[in-house]
Each structure stands twice: as structure tokens, then as C-alpha cells.
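Chain residues, written in single-letter form:
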Amino acid sequence: MDGPLSAEQIEAFHRDGFLVYPGFYSEEEALALRNEMMRLVSEEFTGDHRSVFSTSEQERKADEYFLSSGDKIRFFWEEKAFAKDGKLVQDKENSVNKVGHALHDLNPVFEDFSYKPRLGKALCQLGMKEPVGLQSMYIFKQPKIGGKVDIHQDSTFLYTEPTSCIGLWFAVDDATVENGCLYADPGSHKGALGEIKRRFVRTADNTTTEFRPPTPTQYDIDSCSAKVECKRGTLVFIHGSVVHMSYENHSDKPRHAYNLHCIDGATVYPKDNWLQRGEGLPFRSMLTKQTIKLQQD
């Protein structure tokens, strides 16, 4: 299938496990996402639910608010959003960690952005047969309190058989070392290192989540050395098996990003994956926007 990626870009993705595409979308498109998100936080985020999103794999737990967010738009606080007395350290707009996980199917601005034909075509160029928009997250990486995202592989959390996840990471703000840009380990999606040895799943009683097996996968953080500094308008394609992370934001500037994770609808999506949807909001093709019924074991 023809698409926006050159042969050299496709080769780079398969070689490195990620691809940085500057100027994939315009500054106006990025600002439209930013403005719509700030409207959502201002007008729809009541702040009465204190679900905190932990950026540490070892501390990651799921309450019902998180577990049922696969077909909703939900708001999650930064870990350091609250002082010991329970009051916000900063205002609400500067204390949200992320919003997820169905922005691309429930919000018209994010839907229009996410289902642009060039995205589905690019995913096919990278090997997908039927690209499906699985989950979307708007990540704030707030000034001063934006947390570290531990070293990980996306397919740990969004597993398919065979593995197929590709993350589309859109820079809404400039991403720098100072405000917490991505870091990746080039080529780590290949061989034994690229194998998904651990999964983040629902417990048997469907009330929370757990890592299976519980022992953390050992990664070499020193190998995660490729700094992905990029300008607003950049799209980073991230292979589901490539090892990546980001550090805290210690600067006075935010690092907003929109992250859309996609899988191949031709694969099997296990029923114990943490992210599931009810029948009222089925998954859709990134090519046609038509409903896709995932194969589930």
C-alpha cells in the first residue's frame, strides 16, 4: 500500500524499532489538540475522583476507575499532585498526569485527528494488515512534577498474538532533555531482548490488575540512550517491543504529547488484557473507521 513513509523510513523503523518523523502534522493541528484538551480539563474534569496514575511499573495498580476506562474519557492525577495535607500543589490544569483511554473514539477533535487516512496507511507500510485504534492517551508531563515513565515495552500492556502493537507518539509541545523527552534503545525489539516476557493483565476476578509473572523484566537502562528530542508536529512511531522510557520533567515547561496505540486486527487480542471495551463502543479500523471485532481467546 502506498503511504506517507519512504523506503528509507520503513527500513529505519525495522532496524531501530522506532522512527522519528518531524513535521508529520502541522503546528495548527497540534495546537487544536492542546486547546481541546485544556477545554476538557477546564470544563469536564471535576477532580472529585483521586485516581493517581503511577509511572512506576513496580507501583502500578488499577482501581475500578482505571480498569473501566477503555471505552471512556477519564482523568488521572500526577503522583506528586497533592501535598501531605491533601491539597493540590499546583492548580488543576497543571496537576493532571494523563487523560485516557478512548479520546480517539469519543471526542470529535481527537477522532478527526486520529483517523486521518495517512496514519492507517503508514501502519500498513510498517506491516499491519488491519490497523485498529486500541487506546489513546493525552500525556501532560507537567512542569516540575511530571513523573518518570519507567523503562518498558508497550506490548507488555497491549499484548497480541503474535505481537503487533505500534505506538503513535505525537509531540504536542517541543520535547527536550529538560522537560522529559523520550529515550529509546535502538534495535531492542529484535532477538531475545525484544521478547515479551511479562504482561500487565486483569486478575481472574476482574477487579484489578497484576503483572504476570510478578518479577520485573530486567532492562539495561544505560542502553536506553537514544534521546528523542523533537519539535511540535513530530510523530514518533514506536514498535511494541522496543525498550523506551522518559525521565521526570524538572523544567518550568510542560511536555504535552498525544499517544495513540494501535494493533493489527488480524491478530488475537487476549481477554485478560487490562484494556477491554463494552459492546457499546467497538474498536474501529484506522483505514475505514468501520467496526472491527477483535479475535479473542
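Our structure is the block above this text.
A brief report on the enclosed structure follows. Since the structure is predicted, the reported quantities are computational estimates derived from the model, not experimental observations.

Calculation notes
- Residues numbered from 1 in each chain as written.
- Predicted model: local features only at pLDDT ≥ 70, side-chain atom pairs only at ≥ 80, totals over all residues.
- Heavy atoms only, no water.
- Helix = DSSP H or I, 4+ residues; strand = E, 2+ residues; numbered from the N terminus.
- Buried < 20%, exposed > 50% of the residue type's maximum accessible area, 1.4 Å probe, protein only.
- Areas by Shrake-Rupley, 256 points an atom, 1.4 Å probe, with all protein chains shown as cover.
- Lys, Arg positive; Asp, Glu negative; His and termini not counted.
- Charge placed at Lys NZ, Arg CZ, Asp CG, Glu CD.
- Phe/Tyr/Trp six-rings, centres within 6.5 Å; stacked < 30°, edge-to-face > 60°.
- Disulfide = S-S within 2.5 Å.
- 1 Å grid on protein atoms, 1.4 Å probe; cavity = no way out; pocket = protein on both sides within 12 Å on 5 of 7 lines; lining within 4 Å.
- Points joined across faces, edges and corners; volume = space filled by probe spheres on them.
- Nonpolar A, V, L, I, M, F, W, Y, C, P; charged D, E, K, R; others polar.
- Polar contact = N/O pair within 3.5 Å; in protein donor to acceptor, adjacent residues only side chain to side chain.
- Contact = heavy atoms within 4.5 Å.
- Pairing = 2+ DSSP bridges.
- Axes fitted to C-alpha atoms, helices over the stretch in contact; angles between N-to-C directions.
- Expected span 1.5 Å × (residues − 1).
- Arc of directions from axis to C-beta.

So, about the overall build of the chain. A count of helical and extended segments in the chain gives 6 helices and 15 strands. Of all 297 residues assigned to the chain, the portion counted as buried reaches 57%. Just so you have it, the chain exposes about 12800 Å², and 50% of that area is on carbon and sulfur atoms. Averaged over its 36 positive side-chain charges, the chain has a centre that lies 1 Å from the centre of its 44 negative ones.

With that settled, consider the packing of aromatic side chains. With the rule as written, the count across this model stands at 21 aromatic pairs. Ring plane angle 75° and centroid distance 5.9 Å describe the contact between F157 and F211, whose orientation is recorded as edge-to-face. On the criterion of sequence distance, the pair formed by F157 in the loop between β5 (149-152) and β6 (166-171) and F211 in strand β9 (residues 209-212) is long-range, its members being 54 residues apart. Grouping residues by exposure puts F157 and F211 together as buried.

This paragraph deals with the state of the cysteines. Applying the stated criterion to the full structure yields 0 disulfides. Not part of a disulfide, C124 finds its nearest cysteine sulfur in C262, a span of 10 Å. Judged by relative accessible area, which is 15%, C124 ranks as buried. Left unpaired, C262 is separated from the closest cysteine sulfur, that of C165, by 7.8 Å.

Here the largest pocket is characterised by a volume of approximately 300 Å³. A class-by-class count of the residues in the lining of the largest pocket yields 4 nonpolar, 4 polar and 3 charged.

Moving on, we come to the environment of K116. Note on placement: K116 falls in the loop between α5 (108-114) and α6 (117-125). On a C-alpha basis, the gap between K116 and D85 in space is 45 Å, while along the polypeptide they are 31 residues apart.

Considering the arrangement of structural elements, one finds D173 in the loop between β6 and β7 (182-184). With relative accessibility at 6%, the residue D173 sits in the buried group. Looking at D173, its side chain comes within polar contact range of the main-chain nitrogen of H256, at 3.0 Å. Setting aside anything within four residues of it in sequence, one finds D173 in contact with R34, C230, R232, P254, R255 and H256.

The next subject is unusual backbone geometry. At the junction of G100 and H101, the peptide bond is cis and its omega measures out at 10° in the coordinates. Along the chain, the position of H101 falls in strand β3 (residues 96-101). A positive phi is found at K141, a non-glycine position, where the angle reads about 45°. As for its position among the elements, K141 is in the loop between β4 (131-139) and β5. If you check the backbone angles, N206 has positive phi at about 65° while not being a glycine. Relative to the helices and strands, N206 resides in the loop between β8 (199-202) and β9.

Turning next to the sheet that holds β5. The strand order β5-β12-β7-β10 describes an open sheet built from 4 strands, whose pairing is antiparallel. Each of the sheet's edge strands pairs with one partner strand only, and the pair in question is β5 and β10 (226-228). Neighbour to neighbour, the strand axes of the sheet diverge by 25° on average, direction disregarded. Summarising the sheet, β5 and strand β12 (residues 244-246) pair through 2 bridges and their orientation is antiparallel. By the bridge assignment for β12, H152 is matched with H244.

As a further point, take empty space enclosed by the protein. All chains considered together, the criterion is met by 2 cavities of 30 Å³ or more. Taken as a whole, the second largest cavity spans an internal volume of roughly 40 Å³. Taken together, F18, L182, A184, V228, V236, I238, V242 and H244 form the lining of the second largest cavity. Counting residues per element, the ones that place at least two in the lining of the second largest cavity are β7 and β11 (235-239). Looking at the lining of the second largest cavity, its residues break down into 7 nonpolar, 1 polar and no charged.

Here strand β13 (residues 257-264) lies mainly inside the structure; 8 of its 8 residues are buried. Residue alternation in β13 divides its side chains into two sets, A257, N259, H261 and I263 and Y258, L260, C262 and D264, and both sets are buried. Bridging between β4 and β13 involves 8 bridges; their strand directions are antiparallel. The residue of β13 that forms the bridge with V132 is I263.

For the rest of this paragraph, the subject is helix α2 (residues 27-44). Taking 1.5 Å as the rise per residue, α2 with 18 residues should run 26 Å; its terminal C-alpha atoms sit 25 Å apart, in good agreement. Taken as a whole, α2 has its buried residues at A30, L33, R34, E36, M37, L40 and V41. Relative to the axis of α2, the buried residues are bounded by an arc of 165° and lie together on one face. Along α2, exposed side chains directed more than 90 degrees from the buried face belong to E28, N35 and E43.

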